[in-house]
Amino acid sequence: MEKVQKDHSLSVISYQAVFWTALFLFGLAQAYSHNDDENLKEIIIYNLCHLLFQIITANIIYYFLIPGFFDRKRYALFTISTTMAIYLFSVLNRMFIVYAAEPFFSSEPQDGLRAIITDFNYLLTHYALPMITASFIFICFMHILRYKNEKQDRIRLQKERTELELKVLKSSLNPHFLFNTLNNIYSLSINHPEETPESIAGLADIFDYVIYKGPQKMIRITDELAVIDRYMELEKLRYGNNLHIEKSVDITTENMIPPLLYLSLVENAFKHGGNANGGLTISLELQADEMKSVFRIENSCFGEKRDTEAGIGLKNMEEQLKLYCQDHFELNIHADEERFSVEIITPAKYDYMHHR
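Residues numbered from 1 in each chain as written. Predicted model: local features only at pLDDT ≥ 70, side-chain atom pairs only at ≥ 80, totals over all residues. Heavy atoms only, no water.

**A closer look at a nonpolar patch on the surface**
Okay, so step 1: There is a patch of nonpolar side chains on the surface, built from Phe-136, Ile-137, Phe-141 and Ile-144 and spanning about 400 Å² of accessible area.
Okay, so step 2: Following the sequence through the fold, Phe-141 ends up in helix H5 (residues 120-191).
Okay, so step 3: Residue classification places Phe-141 among the partly exposed residues on the basis of a relative accessible area of 42%. (Patch = residues over 30% accessible without salt bridge, like charges linked within 9 Å, V, L, I, M, F, W, Y side chains within 5 Å. Areas by Shrake-Rupley, 256 points an atom, 1.4 Å probe, with all protein chains shown as cover. Salt bridge = Lys/Arg side-chain N within 4 Å of Asp/Glu carboxyl O. Helix = DSSP H or I, 4+ residues; strand = E, 2+ residues; numbered from the N terminus. Buried < 20%, exposed > 50% of the residue type's maximum accessible area, 1.4 Å probe, protein only.)

This is the structure we're talking about:
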């Protein structure tokens, strides 16, 4: 937050430096073109004196009077206070020129204080109107700059919110997956201890993937497929001949997906799938081309028909897809008494951060 505020302050300072320098040069060129007989030094001094009070007046109006009165809809007080401020600084500007600047290069008699204060026409044409013009342009551009900064802040906050939501969604999936895998290995260590080392090696690969690939925004689809193969090998140790897997893979381009997207569906199929004789049939299909990636997984089930409404895991997955792809995806779920299937269609390469 401090860095953001510092960046905003630097942008305001930079803008003011550029704006007032440009205004000074423009006023200098205009004054010199209309007063060829005057000394350039005198023109510069006069313009610097005017610029000093224009800067003060414009900043007081923008930072104090607008927030204090105009933004609070106290328009009458804003009008009165702005008029008084412009008159006051016009008088001070005139006094500064007469008593502080002109004695260095002019021997003409000085105007009296009363004449300076009461000469409204001269104050209006030579001081107030340039001050009003400079303040108006300055305030307009400052509002544009503030709008730009606020827009950048909204984008930054949205990005941080998205990152946080993604971490929360992943954290709700990863422990669930790892907990089930550890339970599988525990069962193997009791019933088939000779197969335990292989299962531990498989779990190590899965741990490595979850730890190093899971936090990434997007990963290659082949990386996800590789860890799915490792996971299914681990499940084969538990199911043995009771597990039947049908897999079809057609990858023509190296598309990108959110990490753990497909793996979570596979884990879900093993967790909830099964049939009356204790077996499990899983059908997995993956197609990836330059336009989209399509992942379908279907598992056998038995007993009471599963609800087609996604459970907690699938709801989290849908939220994750929304954060990554907005509405550029499809999540189709179908269930009956014997089969449960999920289909996910995502763009080939969708940079979610640049579409917010």
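**A word on the sheet that holds strand E4 (residues 280-288)**
As a general point, the strands of a sheet are linked pairwise by backbone hydrogen bonds and lie either parallel or antiparallel.
Okay, so step 1: In spatial order, the strands read E2-E4-E5-E7-E6; together these five strands make up an open sheet with mixed pairing. Across the chains shown, the open sheet's two edge strands, defined by having one partner strand only, are strand E2 (243-251) and strand E6 (330-335). Across the sheet, the mean angle separating the axes of adjacent strands is 5° when strand polarity is ignored.
Okay, so step 2: Relative to strand E7 (residues 339-347), strand E5 (residues 292-300) is paired through nine bridges, and the arrangement is antiparallel. (Pairing = 2+ DSSP bridges. Axes fitted to C-alpha atoms, helices over the stretch in contact; angles between N-to-C directions.)

**Some details on the pairing of E5**
Okay, so step 1: Pairing of E4 with E5 involves seven bridges; the strand directions are antiparallel. Paired with Glu-285 across the two strands is Arg-296, which belongs to E5.
Okay, so step 2: Counted between consecutive antiparallel strands, the loop separating E4 from E5 contains three residues.

**So, the pattern of salt bridges**
Okay, so step 1: Inspection of every chain in the model, using the stated rule, returns ten salt bridges.
Okay, so step 2: The residue Lys-213 makes a salt bridge to Asp-223 at a minimum N-O spacing of 3.5 Å. In this pair, Lys-213 sits in the loop between helix H6 (196-212) and strand E1 (219-220) while Asp-223 sits in helix H7 (residues 221-239), placing the two residues ten residues apart along the sequence.
Okay, so step 3: Residue classification places Asp-223 among the buried residues on the basis of a relative accessible area of 17%.
Okay, so step 4: For Arg-296, the salt bridge is made with Glu-343, and the minimal N-O distance between the two is 2.4 Å.

**Considerations on the nonpolar core**
Okay, so step 1: Within the largest apolar cluster, 44 residues are counted, with the highest numbers of intra-cluster contacts made by Val-266 and Phe-270.
Okay, so step 2: Where this core is concerned, the elements lending two or more residues are H6, H7, helix H8 (261-272), E4, E5, helix H9 (312-325), E6 and E7.
Okay, so step 3: Broken down by element, this core gets its largest block of residues, nine residues, from H7.
Okay, so step 4: Once you skip the residues sitting within four places of it in the chain, Phe-270 turns out to touch Tyr-231, Met-232, Glu-235, Tyr-239, Leu-243, Ile-245, Leu-280 and Ile-282.
Okay, so step 5: In this structure, Phe-19, Phe-78, Met-131 and Leu-145 belong to the second largest nonpolar core, which totals 26 residues. (Core = buried A, V, L, I, M, F, W, Y, C linked by side-chain atoms within 4.5 Å. Contact = heavy atoms within 4.5 Å.)

**So, the packing of aromatic side chains**
The description of an aromatic ring pair uses the distance of the two centres, along with the angle that the planes make with each other.
Okay, so step 1: With the rule as written, the count across this model stands at 16 aromatic pairs.
Okay, so step 2: For the pair Phe-19 and Phe-141, a centre-to-centre distance of 6.4 Å together with 45° between the ring planes defines the contact as tilted. Of the two residues, Phe-19 is situated in helix H1 (residues 2-34) and Phe-141 in helix H5; the sequence distance between them amounts to 122 residues.
Okay, so step 3: Phe-19 sits in the buried class, given a relative accessible area of 11%. (Phe/Tyr/Trp six-rings, centres within 6.5 Å; stacked < 30°, edge-to-face > 60°.)

**Description of the side chain of Gln-16**
Okay, so step 1: Looking at the secondary structure, you find Gln-16 in helix H1.
Okay, so step 2: The class for Gln-16 is buried, based on a relative accessible area of 14%.
Okay, so step 3: A polar atom in the side chain of Gln-16 sits 2.8 Å from the side chain of Asn-59.
Okay, so step 4: Setting aside anything within four residues of it in sequence, one finds Gln-16 in contact with Asn-59, Tyr-63 and Phe-138. (Polar contact = N/O pair within 3.5 Å; in protein donor to acceptor, adjacent residues only side chain to side chain.)

**A word on H8**
An α-helical segment advances 3.6 residues per turn. Residues three or four places apart therefore align on the same side.
Okay, so step 1: With twelve residues, H8 extends 17 Å between its outermost C-alpha atoms, agreeing within 8% with the 16 Å of an ideal straight helix rising 1.5 Å per residue.
Okay, so step 2: Counting buried residues along H8, ten of its twelve residues qualify, which places the element largely inside the surrounding structure.
Okay, so step 3: Backbone geometry just after H8 places Gly-274 at a positive phi near 150°. (Expected span 1.5 Å × (residues − 1).)

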